[in-house]
Amino acid sequence: MKNYLKNLMLLAVFTVFAFNGYAQPGNPVGEPDEPPVPIDDYIPHFIVLAVALAGYWFYKQAQKEKKLHRSEY
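Residues numbered from 1 in each chain as written. Predicted model: local features only at pLDDT ≥ 70, side-chain atom pairs only at ≥ 80, totals over all residues. Heavy atoms only, no water.

Engineer: Can you break down the overall build of the chain residue by residue, with the values?
Structural biologist: Counting its secondary structure elements, the chain contains two helices and zero strands. Evaluated residue by residue, the chain yields a buried proportion of 0% over its 73 residues. (Helix = DSSP H or I, 4+ residues; strand = E, 2+ residues; numbered from the N terminus. Buried < 20%, exposed > 50% of the residue type's maximum accessible area, 1.4 Å probe, protein only.)

Rendered as structure tokens:
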């Protein structure tokens, strides 16, 4: 049940971030020379977060493997 709840929360977070990623420019009646709305400002943050999560996951897997090998002796 705990794993199910964790996956559901992760899905909810990604859904909220997906809606923020599709930013539209302001009022279409406004000045035509307005710069486009940048949606890629946070991409480096997401890449760093993904690398950190992957590193944490591999670290935990390595710790699990060490614990399994120690219990064999």
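From this point, things continue past the structure.
Engineer: Give me the packing of aromatic side chains: which residues, what numbers.
Structural biologist: This model, assessed by the stated rule, comprises one aromatic pair. Summarising the aromatic geometry, the rings of W57 and F58 are spaced 5.0 Å apart at their centres and angled 75 degrees between planes, so their arrangement reads as edge-to-face. The class of W57 is partly exposed, set by a relative accessible area of 48%. (Phe/Tyr/Trp six-rings, centres within 6.5 Å; stacked < 30°, edge-to-face > 60°.)

Engineer: Go over a nonpolar patch on the surface with me, naming the residues and quoting the values.
Structural biologist: Judged by side-chain polarity, Y4, L5, L8, M9 and L11 come together as a nonpolar surface patch covering roughly 550 Å² of accessible area. Mapped onto the elements of the fold, M9 is located in helix α1 (residues 2-21). (Patch = residues over 30% accessible without salt bridge, like charges linked within 9 Å, V, L, I, M, F, W, Y side chains within 5 Å. Areas by Shrake-Rupley, 256 points an atom, 1.4 Å probe, with all protein chains shown as cover. Salt bridge = Lys/Arg side-chain N within 4 Å of Asp/Glu carboxyl O.)

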